[in-house]
Amino acid sequence: SHRDMYELYNFSLIIAYQDASALFPNFEKLPVDARKVIIDMSFNLGKTRLAKFEKMRAAVAQYDFDTAGDEMIDSEWYNQVGNRSKNLVQMMQSINR
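This structure is a prediction, so every number in the text was calculated from the model and none was measured.

A. Region of the structure containing unusual backbone geometry. In this structure, Tyr63 is a non-glycine residue whose phi angle is positive, near 60 degrees. Take Tyr63: it is sitting in the loop between α3 (54–61) and α4 (65–73).

Here you go:
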């Protein structure tokens, strides 16, 4: 039912948020767009696979969103999810410009 789908979506979104917060120690201090990108990636990849984006996570920790976007491009994920990955990279790299 629509209600079940809504509840499952909300539950999954809460998990994605918790995982993003665990993987990015400065998560709450990040700009909103960076948090949106990270939550989207967490929702899509899950905590274990997002944890493998070590260089991207290090760049985000330094508030270097251009490098974070470059590291997103330098992954299998980037080619697997199509235009969504390109939009997320653009969003990440447009922060603070």
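B. Up close: the side chain of Glu71. Position of Glu71 relative to the elements: it lies in helix α4. The buried charged residue Glu71 lacks any salt bridge partner; its closest oppositely charged side chain belongs to Lys55, at an N-O distance of 5.1 Å. Excluding residues that lie within four positions of it along the chain, Glu71 makes contacts with Lys55 and Met56.

C. Spotlight on the nonpolar core. Residues Ile38, Met41, Met56, Met72 and Met92 are the most contacted members of the largest nonpolar core, which totals 26 residues. Of the residues forming this core, the biggest block, 7 residues, is contributed by helix α2 (residues 32–51). Residues in contact with Met92, not counting those within four places in the same chain, are Ala34, Val37, Ile38, Met56, Val60, Phe65, Ala68, Gly69 and Met72.

D. Region of interest: α3. Looking only at α3, the buried set comprises Met56, Ala59 and Val60. Taken around the axis of α3, the buried residues stretch over an arc of 100 degrees, which confines them to a single face. Projecting away from the buried face of α3 at angles above 90 degrees are the exposed residues Glu54 and Lys55. Next to the buried residues of α3 lie α2, α4 and α6 (83–93). One or two steps after α3, the chain reaches Tyr63, where phi turns positive at roughly 60 degrees.

E. The arrangement of the pattern of salt bridges in detail. The final tally for this structure, using the stated rule, is 2 salt bridges. Among the salt bridges present, the one from Arg3 reaches Glu7, with a minimum N-O distance of 3.0 Å. You can see Arg3 and its partner Glu7 sitting in helix α1 (residues 2–23), 4 residues apart, about one turn around the helix.

Thresholds applied
Residues numbered from 1 in each chain as written. Predicted model: local features only at pLDDT ≥ 70, side-chain atom pairs only at ≥ 80, totals over all residues. Heavy atoms only, no water. Helix = DSSP H or I, 4+ residues; strand = E, 2+ residues; numbered from the N terminus. Buried < 20%, exposed > 50% of the residue type's maximum accessible area, 1.4 Å probe, protein only. Lys, Arg positive; Asp, Glu negative; His and termini not counted. Salt bridge = Lys/Arg side-chain N within 4 Å of Asp/Glu carboxyl O. Contact = heavy atoms within 4.5 Å. Core = buried A, V, L, I, M, F, W, Y, C linked by side-chain atoms within 4.5 Å. Arc of directions from axis to C-beta.

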